[in-house]
Amino acid sequence: MIIILDLGSHENTVLARAIRALGVYSEIYPHDITAEEIKKLPNVKGIIINGGPNHIIDGVAIDVRPEIYTLGIPVMSAGHDKALCETKLPEFNNDMEAIQSAVKSFVFDVCHAEANWNMPNFINDQIELIRRQVGDRKVLLALSGGVDSSVVAALLLKAIGNNLVCVHVNHGLMRKGESEAVVEVFKHQMKANLIYVDATDRFLNKLAGVADPEQKRKIIGGEFIRVFEEEARKLDGIDFLGQGTIYPDIVESGTKTAKMVKSHHNVGGLPDDLKFELVEPLRQLFKDEVRACGLELGLPYEMVYRQPFPGPGLGVRCLGAITRDRLEAVREADAILREEFQLAGLDKKVWQYFTVVPDFKSVGVRDNARSFEWPVIIRAVNTVDAMTATIEPVDWPILMKITDRILKEVPHVNRVCYDMSPKPNATIEWE
Ligand code: XMP
């Protein structure tokens, strides 16, 4: 592998992905990694020091340890002060091909790395590693139906078969057809050991009358853990918990300085007496590699290219205190939006798109009589990292067709609006 030492460049991850796309495995390490630590890593063929020209972090100039130059491993420097290396990387501007052509000769001609990193090899290696770690013991996995948990499930299933126990908790806030698809693909097609828990009533009862967004998020996240915990307690002899941790989660943890805007929900936070060892077979992969892995494992395209969906689900899109009829309106409107985006080819172009139903009504006319019904708000955004986002300028005729369908097909709705707000000042979700 080629390792990248992080001197604060935003392009580290693009660089690592570009090298992997050349067929050579690459990982990112902190700038102050020691020579001893590097020696312990498997098969390091080259080191790229990547950072801006001054590497000032919090007023302090940082640099790599000089000892790494004595390892006998080729070192390439990107905008690095010390003229220890002839090769300089150009300004990348996140252009994958430009990066690849800049590093290609270093990777192959200088480091003599072999191009043997590919998905089938990765999968075979992971299957071997999972079997070694787990043996004939059992792994429990919370299978939400999201990309990462679905790919982990498929990989674990291939490695350990029915020693994988998947639990799918339907909190009643899933999109139309989503829980059904999880059961169909995993239980019926892939023959996984899947426990399906319909906890709709339980969640909706807990959420009844709760209007505060953070309170709603906490209830959904907390209840999710409790339901999962109850299922875990019913099972015998489980030693491991499978998790869909991916590489960006690992690279970003520790360097994250971003303030918490909303409390995000993931499985974690299980009680102390439920002690599991973790199995995280995707921890080396970037998102696009996770998708490639899923396709290679035979998961359906729609599941692997599913747009991001928040843990609290439609619960944060049915604004204020959730009611069943308004939740149904969000779900039906969302299904129409997804169908029409797919027909127009926008599903492959737009990063995230969904509908929101606020908890107020407006006056309209229906069948020549006054109506007093909810509006549906359409949101469609593009982003790279979800920290900022711009809106998609959806063509007018498409919006008119969607509006027409929502007004005809979704009960209790008399208006459709389009959310024009970028992030910031808005966030992507409404709650
Ligand atoms: P915001 O609304 O903060 O959303 O701009 C950024 C991205 O995160 C998603 N999101 C979540 N994802 N658990 C998740 O896994 C959550 O609790 C959660 N809340 C928001 C949101 O859909 C968007 O893609």
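Predicted model, so just to flag it, every value in this text is computed and none were measured.

Colleague: Sorry, what's going on with the overall build of the protein here?
Modeller: Along its length, the protein carries 13 helices and 16 strands. Compactness check: the protein gives a C-alpha radius of gyration of 24 Å against a globular reference of 22 Å for 431 residues, within 12% of the reference. Look at the contacts in the protein between residues 6 or more apart in sequence, and 77% of them connect residues 24 or more apart. In the structure as shown, the protein presents an accessible area of about 21,100 Å², 52% of it carried by carbon and sulfur atoms. On the protein, the mean spot of the 50 positive side-chain charges and the mean spot of the 61 negative ones are 4 Å from each other.

Colleague: Help me understand the pairing of strand E3 (residues 46-51) in this model?
Modeller: Each regular strand carries side chains that alternate between the two faces of the sheet. Counting buried residues in E3 gives six out of six residues, a clear majority hidden from the surface. Neither face of E3 is exposed, since Gly 46, Ile 48 and Asn 50 on one face and Ile 47, Ile 49 and Gly 51 on the opposite face are all buried. Where strand E1 (residues 2-7) lies against E3, six bridges are found, and the strand directions are parallel. Note on E3: the bridge partner recorded for Ile 3 is Ile 47. Where E3 and strand E6 (residues 75-78) come together, four bridges link them in parallel fashion. Paired with Ile 47 across the bridge in E6 is Val 75.

Colleague: For this particular structure, what's the right way to read the pattern of salt bridges?
Modeller: Opposite charge on two side chains allows them to pair when their charged atoms are near. Using the criterion set out here, one finds 29 salt bridges in the structure. The shortest N-O distance in the salt bridge between Arg 331 and Glu 328 comes to 3.0 Å. A residue pair is termed a helical-turn pair when its members lie 3 or 4 positions apart in one helix, as Arg 331 and Glu 328 do in helix H12 (residues 324-343) at three residues. Taking the relative accessible area as the measure of exposure, Glu 328 reaches 35% and is therefore partly exposed.

Colleague: Whenever I open this one, unusual backbone geometry confuses me. Can you help?
Modeller: Most peptide bonds adopt trans geometry, and most residues besides glycine take a negative phi value. The omega torsion across Lys 423 and Pro 424 is -15 degrees, close enough to zero to call that bond cis. Here Pro 424 is to be found in the segment after strand E16 (413-418). A cis amide bond links Pro 424 to the next residue, Asn 425, at an omega of 10 degrees. Within the secondary structure, Asn 425 sits in the segment after E16. The backbone of Asn 43 shows a phi angle near 55 degrees, a positive value even though the residue is not glycine. Along the chain, Asn 43 falls in the loop between helix H2 (35-40) and E3.

Colleague: Help me out: how do you make sense of the sheet that holds strand E2 (residues 26-30) in this one?
Modeller: What links the strands of a sheet is backbone hydrogen bonding, and the strands pair in either a parallel or an antiparallel sense. Spatially, the four strands line up as an open sheet ordered E2-E1-E3-E6, and their pairing is parallel. One side of each edge strand has no neighbouring strand; the edge strands of this open sheet are E2 and E6. Each strand axis lies, on average, 25 degrees off the axis of its neighbour in the sheet, ignoring direction. Strands E1, E2 and E3 of the sheet are contacted by helix H1 (residues 12-21), whose axis makes an angle of about 150 degrees with E2.

Colleague: What should I look at first to understand helix H5 (residues 147-160) in this one?
Modeller: Think of an α-helix as 3.6 residues a turn; residues three or four steps apart then line up on the same face. Helix length check: H5, at 14 residues, gives a terminal C-alpha distance of 20 Å against a target of 20 Å (1.5 Å per residue), a fit within 8%. Most of H5 is tucked away, with 13 of its 14 residues classed as buried.

Colleague: Help me out: how do you make sense of the environment of Glu 252 in this one?
Modeller: Locating Glu 252 in the fold gives a position in helix H9 (residues 247-252). Separated by 128 residues in sequence, Glu 252 and Ala 380 have C-alpha atoms that sit 26 Å apart.

Colleague: Help me understand the side chain of Ser 362, please; the structure alone is not making it clear to me.
Modeller: With respect to the helices, strands and loops of the structure, Ser 362 is situated in strand E13 (residues 362-366). You can call Ser 362 buried: its relative accessible area is 15%. Setting aside anything within four residues of it in sequence, one finds Ser 362 in contact with Ser 371, Phe 372, Glu 373, Asn 414 and Arg 415.

Colleague: Would you explain the packing of aromatic side chains in this entry?
Modeller: Within this structure, the stated rule accounts for five aromatic pairs. When the ring of Tyr 247 is compared with that of Phe 286, the centres are 5.2 Å apart and the planes differ by 85 degrees; the resulting orientation is edge-to-face. Linking Tyr 247 in helix H9 with Phe 286 in the loop between strand E11 (277-279) and helix H10 (287-296), this pair joins segments that are 39 residues apart in sequence. Here Tyr 247 and Phe 286 have matching classes, each one buried.

Colleague: Explain the confidence of the model for the protein here, please?
Modeller: Where the model shows low pLDDT, its predicted coordinates should not be examined in detail. Summing up the model confidence of the protein, the mean pLDDT is 92 and the portion of residues at 70 or higher is 91%. Of the regions scoring below 50 in pLDDT, residues 80-86 engages in 13 contacts with residues more than four places distant in sequence or in other chains. Throughout residues 254-259 the model reports pLDDT below 50, and contacts reaching past four residues in sequence, or to other chains, amount to one contact.

Colleague: What's the story with the environment of Asn 50 in this structure? I'm lost.
Modeller: Along the chain, Asn 50 falls in strand E3. A residue is classified by how much of its surface remains accessible, and Asn 50, at 3% relative accessible area, is buried. Taking the C-alpha atoms as reference, Asn 50 lies 65 Å from Arg 370; in sequence the two are 320 residues apart.

Conventions adopted
Residues numbered from 1 in each chain as written. Predicted model: local features only at pLDDT ≥ 70, side-chain atom pairs only at ≥ 80, totals over all residues. Heavy atoms only, no water. Helix = DSSP H or I, 4+ residues; strand = E, 2+ residues; numbered from the N terminus. Rg over C-alpha atoms; globule rule 2.2 N^0.38 Å. Contact = heavy atoms within 4.5 Å. Areas by Shrake-Rupley, 256 points an atom, 1.4 Å probe, with all protein chains shown as cover. Lys, Arg positive; Asp, Glu negative; His and termini not counted. Charge placed at Lys NZ, Arg CZ, Asp CG, Glu CD. Buried < 20%, exposed > 50% of the residue type's maximum accessible area, 1.4 Å probe, protein only. Pairing = 2+ DSSP bridges. Salt bridge = Lys/Arg side-chain N within 4 Å of Asp/Glu carboxyl O. Axes fitted to C-alpha atoms, helices over the stretch in contact; angles between N-to-C directions. Expected span 1.5 Å × (residues − 1). Phe/Tyr/Trp six-rings, centres within 6.5 Å; stacked < 30°, edge-to-face > 60°. pLDDT = per-residue confidence, 0-100.

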